[in-house]
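# Structural overview
Listed here are the chains, written in short residue letters.
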Amino acid sequence: MEAQSSLKLWFDQNKRDLPFRNKPSAYKIWVSEVMLQQTRVAAMLPLYNQFLLSFPDMETLSRADETEVLEHWRGLGYYSRARNLHKACQIVTSRYNGRFPESLDEALEIPGVGPYTARAILSMAYGKKYAVLDGNVKRVISRLFTESDEKKWQNLADSFLNQEHPGDHNQAMMELGALVCLPKPLCAKCPIQKFCKAYTENSIEQYPPGKLEKTKLTLDLHFFMIKRKDKILLIKDSSRRFFKNLFTLPYLIENATIPAKDAKNYMNPSYMNEIISNIQSESIPGSSSHSITHHKIKLFLHKTLKDLPENFQALYGFETKWVEMDRLEREFPSSIAKKILKFLPQNGLFQE
Ligand code: SF4
């Protein structure tokens, strides 16, 4: 049996039963792929199911309010991806009558849809002959062909594609990388072992060529509840390292272990220094841990003791909004918000 058939047989017998694999539509695959870019399957499934319940098709999602979409994204992080997905659905709805385009060129013109996502959707939903290349597939391809040059992996993946079942083949390759061809591979269980050059040559540890593990950066994030007439300030500041496109409580970064060359990305903006020097604040007991990509973060919450004056100049030029306390979680839709709001005292925040 040739390699592709062995792989397909193995996949048919071993595939995980995942909701986006049942009657896969372009839309379902699209949502699942965007979610999987940032989360493991097990963690993403409940959120995916809930998302599909609320937005069962492209049209419903494109008509939805952005705040509602972001709320359904809570727990996944990377809100820009939710925002892009939402906007992209609106484009597909108006430009292609709600049907994801079938050509690779057109698919790649959709904002937020890169080569991997386009190839995944086209092969799985429409049976188009495009091989995908995600992190897992790269590892398999590199070992299968003993090829260290990353630039050659896409062509090799294309040449290895099962022409009759491109969608299943792509999923099988990803599944093989996720379950068998792991960084420490389980070659004894591998359905394509006898076709694998690295296995045959006993050179598996050389492939893929080692990449430097990203070092974890540690830092503290101090969020500030800044009030004016019983409302709390949120700010959107796209120049900052975190929450670029999201309204957040204003925050300070402290104790950051950042290489000097990246330090400017983590600098605190001058309006934060202005706020701190203008308004006394006190910390609210409690701290929590959080991770964003390769950042290990400790979270703290503070409240200011008097109102920010109406004529406060330092915020000029930024998007700001004032929201009521009970709207905070909705208006700052991040899992970080959920964590820090737990520090709030039961008897209200600003009672004397
Ligand atoms: S034989 Fe081993 S190294 Fe080769 S593809 Fe299979 S699991 Fe990966």
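Keep in mind the model is a prediction, meaning the values are calculated, not measured.

## Focus: the domain arrangement of the protein
- Splitting the protein by domain gives domain 1 (3-206) and domain 2 (217-341).
- Each of domain 1 and domain 2 has a C-alpha centre, and the two are 35 Å apart.
- If you look at the interface, domain 1 gives nine residues, while domain 2 gives nine residues.
- Regarding the contact of domain 1 and domain 2, the summed buried area is about 850 Å², with carbon and sulfur atoms giving 51% of it.
- Seen at the junction of domain 1 and domain 2, the total is two salt bridges.
- The residue E329 makes a salt bridge to R74 at a minimum N-O spacing of 3.5 Å.
- Applying the counting criterion to the domain 1 and domain 2 interface returns three residue pairs in polar contact (both at pLDDT 80 or more).
- Elements represented by at least two residues in the side of domain 1 that touches domain 2 include exactly α5 (66-72) and α6 (79-95).
- Partitioned by chemical class, the residues of the side of domain 1 that touches domain 2 number three nonpolar, three polar and three charged.

## Topic: the packing of helix α9 (residues 135-144) against helix α10 (residues 153-160)
- Here α9 crosses α10 at 80°, and the two axes come no closer than 10 Å. By the angle between their directions, the pair α9 and α10 is classed as roughly perpendicular. Between α9, through K138, I141, S142 and L144, and α10, the contact on the second element is made entirely by W153, L156, A157 and F160.
- Tallied by class, residues from the contact of α9 with α10 come to six nonpolar, one polar and one charged.

## Considerations on helix α1 (residues 3-14)
- End to end, α1 covers 16 Å across twelve residues, agreeing with the expected 16 Å (1.5 Å per residue, within 8%).
- Here α1 has its buried residues at A3, Q4, S6, L7, K8, W10 and F11.
- Taken together, the buried residues of α1 touch α10 and α11 (166-179).

## Some thoughts on the site of the ligand
- Neighbouring the ligand are the residues R143, V180, C181, P185, C187, C190, Q193, C196, Y199 and I204.
- Taken together, the residues of the shell around the ligand sort by class into eight nonpolar, one polar and one charged.

## Here's the deal with the pattern of salt bridges
- Going through the model one piece at a time under the given rule, you end up with 19 salt bridges.
- In this structure, K8 and D12 form a salt bridge, with 2.9 Å as the shortest nitrogen-oxygen distance. Residue K8 and its partner D12 are both found in helix α1; the two are separated by four residues, about one turn of the helix.
- Notably, a salt bridge pairs E324 with K231, separated by 3.9 Å at the nearest N-O pair. Note that E324 is positioned in strand β7 (residues 319-324) and K231 in strand β3 (residues 231-236), a separation of 93 residues in sequence.
- Using a relative accessible area of 32% as the deciding quantity, one classes K231 as partly exposed.

## Remarks on the environment of V69
- Structurally, the position occupied by V69 is in helix α5.
- When the C-alpha atoms of V69 and P46 are compared, they prove to be 15 Å apart, with 23 residues separating the residues in sequence.
- Contacts of V69, omitting those with residues within four sequence positions, involve F51, F55, L61, A64, A82 and H86.

## Regarding the pairing of β3
- Of the strand pairs in this sheet, strand β2 (residues 227-228) and β3 are connected by two bridges, and their pairing is antiparallel. Each residue of the ladder has a partner; that of K227, found in β3, is I232.
- Taking the residues between adjacent antiparallel strands as the criterion, β2 and β3 are bridged by two residues, where K229 takes a positive phi near 45°.
- The pairing of β3 with β7 spans six bridges and is classified as antiparallel.

## Here we look at the packing of helix α2 (residues 26-36) against helix α8 (residues 115-126)
- At a closest axis distance of 9 Å, the pairing of α2 and α8 adopts a crossing angle of 145°. Handedness of the α2/α8 crossing: right-handed. Contact residues: α2 offers A26, I29, W30 and E33, while α8 offers Y116, T117, A120, I121, M124, A125 and Y126.

## Quick notes on the sheet that holds strand β6 (residues 295-304)
- Ordered by their spatial adjacency, four strands build an open sheet running β4-β1-β6-β5, and the pairing between neighbours is mixed. Two strands lie at the open edges of the sheet, namely β4 (251-254) and β5 (281-292), each paired on one side alone. Between one strand and the next, the sheet's axes are offset by a mean angle of 25°, whatever the strand orientation.
- The pairing of strand β1 (residues 217-225) with β6 spans nine bridges and is parallel. Residue pairing in the sheet places H222 in a bridge with F300 of β6.
- Against the sheet, helix α13 (residues 270-278) contacts β1 and β4, and its axis sits at roughly 100° relative to β4.

Rules used throughout
- Residues numbered from 1 in each chain as written.
- Predicted model: local features only at pLDDT ≥ 70, side-chain atom pairs only at ≥ 80, totals over all residues.
- Heavy atoms only, no water.
- Domains from an automatic or database assignment.
- Contact = heavy atoms within 4.5 Å.
- Buried area = accessible area lost by both parts, 1.4 Å probe.
- Salt bridge = Lys/Arg side-chain N within 4 Å of Asp/Glu carboxyl O.
- Polar contact = N/O pair within 3.5 Å; in protein donor to acceptor, adjacent residues only side chain to side chain.
- Helix = DSSP H or I, 4+ residues; strand = E, 2+ residues; numbered from the N terminus.
- Nonpolar A, V, L, I, M, F, W, Y, C, P; charged D, E, K, R; others polar.
- Axes fitted to C-alpha atoms, helices over the stretch in contact; angles between N-to-C directions.
- Parallel < 35°, antiparallel > 145°, perpendicular 65-115°, else oblique.
- Expected span 1.5 Å × (residues − 1).
- Buried < 20%, exposed > 50% of the residue type's maximum accessible area, 1.4 Å probe, protein only.
- Near = heavy atom within 4 Å.
- Pairing = 2+ DSSP bridges.
- Left-handed = near helix turned anticlockwise from the far one by under 90°.

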